[in-house]
Amino acid sequence: MPAPPRPRLVAAGSTLRRQIDQAFPKRDRRSDGWIGDKAHQARKSDHNPDRDGWVHALDIDADLYGPKRPGVGRDTAWVLAEQLREYARRKRPGSERLKYIVYRDQICSGTYANTFWTWRGKGYGHMSHIHVSFTAAAEDDGLLFAIPILLDGAK
């Protein structure tokens, strides 16, 4: 029996992480992650590699200006999450790569027509990081995310 493929983050996830790192070079990375820990491995999660080794989830620490400015960074993280949501809602090129976003105890996705890419719910956690899940379209599509906070160079 062949060994399972080596886990790898989908191309869109790698691109998004790189863009965020460039826009916020001093950001806190303690809550960053992409591959599932033991808790994720015990359940269905986009942080777990699929049968081809693809990981379809990325967590980005919300302290975008680093641990010395957490309030400012977390407010900016909301702007980032909101711009990703709007990018998907408006069906911008490459937006089909986004499956859902979770931040500040809410979720948004394109799953349901009546709540298409609107923030909803409570009980989703994710107060210290933004969670982004990706579709299969993200596996090979590393197109830049054309959202202002990443293209304008927040630094």
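Coordinates for the structure precede this section.
Since the model is a prediction, treat every value here as computed from it, not as a measurement.

## Considering the overall build of the protein chain
Piece 1. Looking only at helices and strands, one finds 4 helices and 6 strands in the protein chain.
Piece 2. Overall, the protein chain shows an N-to-C arrangement of helices and strands of β-α-α-β-β-α-β-β-β-α.
Piece 3. At 15 Å, the protein chain has a C-alpha radius of gyration in line with the 15 Å of a compact globule built from 155 residues.
Piece 4. One finds the centroid of the 26 positive side-chain charges in the protein chain at a distance of 2 Å from the centroid of its 19 negative side-chain charges.

## Points about the pairing of strand 3 (residues 57–61)
Piece 1. Counting buried positions along strand 3 gives 5 out of 5 residues, so the element sits mostly inside the fold.
Piece 2. Side chains A57, D59 and D61 project from strand 3 onto one buried face, and the interleaved L58 and I60 project onto a second face that is buried too.
Piece 3. By the bridge criterion, 5 bridges tie strand 3 to strand 6 (residues 129–134) in an arrangement that is antiparallel. What sits directly across from D59, in strand 6, is H131.

## Points about the side chain of H129
Piece 1. Along the chain, H129 falls in strand 6.
Piece 2. We classify H129 as buried; its relative accessible area is 15%.
Piece 3. Not counting the four nearest positions on each side in its chain, H129 is found in contact with S31, D59, I60, D61, A62, V102 and Y103.

## Focus: unusual backbone geometry
Piece 1. Notably, R104 is not glycine yet its phi reads approximately 50 degrees, a positive angle.
Piece 2. Tracing the backbone through its elements, the reader meets R104 in the loop between strand 4 (98–103) and strand 5 (106–109).
Piece 3. If you check the backbone angles, W117 has positive phi at about 50 degrees while not being a glycine.
Piece 4. Locating W117 in the fold gives a position in the loop between strand 5 and strand 6.

## Some details on the nonpolar core
Piece 1. Of all hydrophobic cores here, the largest spans 32 residues; its most connected members are L16, L80, L84, L98, F134, F145 and L150.
Piece 2. Elements represented by at least two residues in this core include exactly helix 1 (11–23), strand 3, helix 3 (70–89), strand 4, strand 6 and helix 4 (148–151).
Piece 3. With 6 residues, the single largest contributor to this core is helix 3.
Piece 4. Those residues in contact with F145 that sit more than four places away from it in its chain are A12, T15, L16, Q19, L84, Y87, R97, L98, F134, L150 and L151.

The rules behind the values
Within each chain, residues carry numbers counting from 1 in the order of the written sequence. Residue-level local features of this predicted model are given only where pLDDT is at least 70; pairs of side-chain atoms are given and counted only at 80 or more, and the full residue set underlies all totals for whole chains, interfaces and linings. Working from all heavy atoms in the structure, the side-chain values ignore hydrogens and water. The helix count covers DSSP runs of H or I at least four residues long, the strand count covers runs of E at least two residues long, and both are numbered beginning at the N terminus. Restricting the calculation to C-alpha atoms gives the radius of gyration, and the globule rule supplies 2.2 Å times the number of residues raised to the power 0.38. Neither His nor the chain ends is counted toward charge; the positive residues are Lys and Arg and the negative residues Asp and Glu. Here the site of a charge means NZ on Lys, CZ on Arg, CG on Asp, or CD on Glu. When a residue's accessible area, from a 1.4 Å probe over protein chains only, is under 20% of the maximum for its type it is buried; when over 50% it is exposed; and in between it is partly exposed. One requirement defines pairing of two strands: DSSP has to find at least two bridges between them. Note on contacts: a residue pair qualifies if any of its non-hydrogen atoms lie within 4.5 Å across the two residues. Note on terminology: a nonpolar core comprises buried Ala, Val, Leu, Ile, Met, Phe, Trp, Tyr and Cys residues joined through side-chain atoms within 4.5 Å.

That is the geometry; function is a separate question.
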